[in-house]
Amino acid sequence: MSRFLSRQGLLSWLDGLIQQGAVVVAPTAVEGVSLYRPVPKAAEIDLDCPATVLSPKEWLFPMSHTLFTVERKDGALELKEGAFDGRAVLFGLHPCDALGVHLMDVPLLADPADGLYRERRERTALVGLACTQCRPECFCTSMGTSPADPTHLDVMLTPVEGGYLVASASDKGEALLASAAVEERDVAVPEPPNPQRLPTEDLPRLFRALFSHPYWGRVADRCLHCNICSYVCPTCYCFDIRDYARGNTAERVRSWESCQAAGFTRIAGGYDPRTNKGAKLRQRFAHKFLYFPEAFGGPLSCTGCGRCVRSCPVNIDIREIIAELNRLGVASVGSGEKQG
Amino acid sequence: MAEGPVEQIRAKARELLSARQVECVIGYERASDGLTARPLFAYTPEETDRFILDNTCVHNLARYLLDRRTKPTAVVVKPCDSRTINLLVQEKQIQRDKVFAIGVSCPGVVEARWGESPEKPQPRCQTCPLELPVVYDHLITVPGERPSPGSGQRQPRTGFPEMERLQAMSAQERREFWQKQFKRCVRCYACRQVCPGCYCPICFVDQLDPTWVGIRIAPAENQVWHLIRAFHLAGRCIECGECQRVCPVGIPLMLLNDKLTAEVEGLFDFRPGLDPETLPPFATFKKEELEAER
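These figures come from a predicted structure and were not determined experimentally. Once a new chain begins, its residue numbering starts again from 1 and follows that chain's sequence as written. Labels are handed out in written order, letters beginning with A for the chains and numbers beginning with 1 for the ligands. With pLDDT at 70 or above as the cut-off, local features in this predicted model cover only qualifying residues; side-chain atom pairs require 80 or more to be listed or tallied, and sums for whole chains, interfaces and linings still use all residues. In computing side-chain properties, one takes all heavy atoms of the structure into account and sets aside hydrogens as well as water.

> Residues and numbers for the interface of chain B and chain A, please.
In many reports, interface size means the accessible area that the parts give up when they come together. Opposite the 37 residues of chain B that make contact, chain A presents 38 residues. Buried area adds together the accessible area that both of two parts lose upon being put together, with accessible area traced by a 1.4 Å probe. When chain B packs against chain A, the two sides together hide about 3300 Å² of surface, and 58% of this comes from carbon and sulfur. When the buried surface of chain B facing chain A is broken down by residue, Trp114(B), Ile215(B) and Arg216(B) rank first, second and third, together holding 23% of it. One side-chain nitrogen of Lys or Arg within 4 Å of one carboxyl oxygen of Asp or Glu is enough to make a salt bridge. The tally of links between chain B and chain A comes to six salt bridges. Note that Glu251(A) and Arg216(B) form a salt bridge whose closest N and O atoms lie 2.4 Å from each other. N or O atoms within 3.5 Å of each other form a polar contact, as long as, within protein, one can give a hydrogen and the other can take it, and as long as residues adjacent in sequence are counted only when both atoms are side-chain atoms. At the boundary of chain B with chain A, the tally comes to 20 residue pairs in polar contact (both at pLDDT 80 or more). Any two residues whose heavy atoms approach within 4.5 Å at even a single point are treated as in contact.

Here it is in structure tokens:
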């Protein structure tokens, strides 16, 4: 027997959570574009969404965030922080996106933690949806998760005929499920799909060896250096901060930024040490496959969700880059075994 | 029977590279989905075997000339893309003698999205006035029926149903339409990066002193971004439609560009990039313009 929640039961559960004051953030069609947004009612959720265009990081790490505002009132300064003091349910994360949240936690919750991120993160429950099929760009199993992996989630739902198999993966999840009409039913667990597998085991070492390889320049030839890959990515977390003043008020704003953006590395006096196209493109992959694992002791900063593959206007394909690093790397430095 | 267009492109590219007439040939190759196309920069004769040409070749490759200003480069151009060369030569961004344009006639391209079988024709091709590139050093003719008969002559700007639908709206309705579109903009600047007319060394949105637009990704700032960008392209947009194609959240940017193209055409009887001689209105001054009706 398994715990089962009907499709209608799921919607009622989520509607109940919304009525109790929770912000339910879920995939929904915004002018035909699939994005994570707070929904006023569960019926607006696209339950069968294979992948949103932007990742759910939009909720935990908003595109633009007012860190604080300062207002001068009667000679005194009044400071307001841009806090989130509600409760949220981030619904419909596929395992790759759950891994994405974890990979955002790694740098942003490391001491000293990013206060605004931590606040949202702690006040948000993660409800996942197992994948029933893979898209051509999916490669999650190469990045340490898999289509039915409940790791990092509070609740995991597996779509089956007429509804979902329910598994709570944390105390937070079990508490959240208290209001769901879960029944015991004999339902077969479907076989999860099997995405393509890429060799990622040795990437940091191969990357280091190929850091100055002409390959980067060749891939970068067609790169437009737009911010799409960084912005659709569930793990890119670079940002910019600026202050804006108007009249008696001032605010400090944090906004997403990308290593591909013009001026990302421009410094005082106007000099930009990284204008070379190859070096610029390499930076994004170096962060994911070299600097991040080196800095945080382990994981690559990629989930295999394939969003950048799908959205890149000129088909810079991270899967090809992984394959090429292996091909060129093994040719030039040999396999990991030989090196010990 | 003559060779097909793909063989002709490969042969021409091989010839240009072997003779060292150019350092690089920019064309198309099959993308990683096996369905759509992507740009290919070929530097050696061997690489030219990867070139393809079909209705998934949507990219405006002439935009890459901005990355290779002083280097002898050959580029495959469709009729719409070819206008880029005239635009950039007139605006003194590239040198005509550094460019070898491999022109291809165009029966129209499709809306190619990675990973999806391309089927839907690009709406822009339905209103394209051009059958042949406006500038080329070597012409390759692609067999196929055009979606609409193009004469190579300038056509009046009719048959833009979406633009006309917007024109028919009240100002308030139009404002709401655009606010809804701009609201989901993520300021990824893909529209700018892909645009052959956007080559300012420092874009106004990236300028710090003075700050023209804040970095906040929010409706008001997004709107300022799109409106100012559209104005900067007034009389300069060569209508390749790349900005709209690359937008990850599907903002119909060509509606803005089409409107301004129509305005400039109405005021100055000018459409950019169609020939290398006619001076663009913003690069010239005629005394009688002072008398023009407001």
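Moving on from the model shown.
> Explain empty space enclosed by the protein to me, and be specific about the residues and the numbers.
Residue and element names in this part refer to chain B. Cavities and pockets are found on a 1 Å grid laid over the protein atoms alone: a cavity is a set of points where a 1.4 Å probe fits but cannot escape, a pocket is an open set with protein on both sides within 12 Å along at least five of seven lines, and a lining residue has an atom within 4 Å of such a point. Grid points are joined across faces, edges and corners, and a volume is the space filled by probe spheres set on the points. Summed over the entire model, instances satisfying the criterion amount to 10 cavities of 30 Å³ or more. The calculated volume of the largest cavity comes to roughly 290 Å³. Forming the boundary of the largest cavity are 25 residues, of which Cys80, Arg124, Cys125, Cys128 and Glu239 lie nearest the centre. Each helix is a run of DSSP H or I of at least 4 residues and each strand a run of E of at least 2, with the numbering of both proceeding from the N terminus. Elements supplying a minimum of two residues to the lining of the largest cavity: helix 2 (79-90), helix 3 (123-126) and helix 8 (242-246). Of all the elements, helix 2 adds the most residues to the lining of the largest cavity, at three residues.

> Lay out the sheet that holds strand 5 (residues 138-140) of chain B in plain terms, naming residues and giving numbers.
All names here are of chain B. For two strands to count as paired, DSSP must find a minimum of two bridges between them. Read from one edge of the open sheet, five strands run 2-1-3-4-5, paired in mixed fashion. At either end of the open sheet lies a strand with only one pairing partner, and these are strand 2 (37-42) and strand 5. Across the sheet, the axes of successive neighbouring strands diverge by a mean angle of 30 degrees, strand direction being ignored. Judged from the three bridges that link them, strand 1 (residues 24-30) and strand 3 (residues 73-77) form a sheet pairing that is parallel. What counts as an axis is a line fitted to C-alpha atoms, over the stretch in contact for a helix, and the angles between N-to-C directions run from 0 to 180 degrees.

> Report on the nonpolar core, specifying residues and quantitative values.
One finds Phe285(A), Phe289(A), Ile316(A) and Ile85(B) to be the most contacted residues of the largest nonpolar core, which totals 127 residues. Counting residues per element, this core draws most heavily on helix 3 (residues 95-108) of chain A, which supplies seven residues. By nonpolar core we mean a set of buried residues, namely Ala, Val, Leu, Ile, Met, Phe, Trp, Tyr and Cys, connected to one another through side-chain atoms within 4.5 Å. A 1.4 Å probe rolled over the protein chains alone gives each residue an accessible area, and that area as a share of the maximum for its type sets the label: buried under 20%, exposed over 50%, partly exposed in between. Counting residues in hydrophobic clusters, the runner-up holds 26 residues, among them Leu5(A), Ala22(A), Ile45(A) and Tyr164(A).

> An account of the environment of Gly92(A) is requested, with residue identities and associated values reported.
All names here are of chain A. Examined against the element boundaries, Gly92 turns out to sit in strand 6 (residues 88-93). In the structure, Gly92 is positioned 162 residues away from Arg254 in sequence and 27 Å away in space, judged by C-alpha atoms. Contact partners of Gly92, with chain neighbours within four places excluded, come to Tyr36, Val127 and Leu129.

> Pulling in residues and values, what's your account of the pairing of strand 4 (residues 64-73) of chain A?
All names here are of chain A. When strand 4 meets strand 12 (residues 249-256), the two strands line up antiparallel, connected through seven bridges. Within the sheet, the bridge partner assigned to Thr69 lies in strand 12 and is Glu251. One ladder, built from six bridges, connects strand 4 with strand 5 (residues 76-81); its direction is antiparallel. In the sheet register, Lys73 faces strand 5, and the bridge partner there is Ala76. The turn joining strand 4 and strand 5, which pair antiparallel and follow one another in sequence, is formed by two residues; a positive phi near 50 degrees is taken by Asp74.

> Help me get a handle on the packing of aromatic side chains, residues and values and all.
All names here are of chain A. Only Phe, Tyr and Trp rings take part, Trp by its six-membered ring, and two of them pair if their centres are within 6.5 Å. Stacked means planes under 30 degrees apart, edge-to-face means over 60, and tilted covers everything else. The full count for this structure, using the stated rule, is 13 aromatic pairs over all chains. Ring pairing ties together the aromatic residues Phe207, Tyr215, Trp216 and Phe285, which thus form one cluster. Directly above the aromatic system of Trp59 lies the positively charged group of Arg120, at a separation of 4.2 Å from the ring centroid. As a reminder, the over-ring test applies to NZ of lysine and CZ of arginine, requiring each to be within 6 Å of the ring centre and within 35 degrees of the ring normal. Stacked on the ring of Phe211, the Lys or Arg Arg282 has its end atom at 3.7 Å from the ring centre.

Honestly, it's all geometry; don't read function into it.
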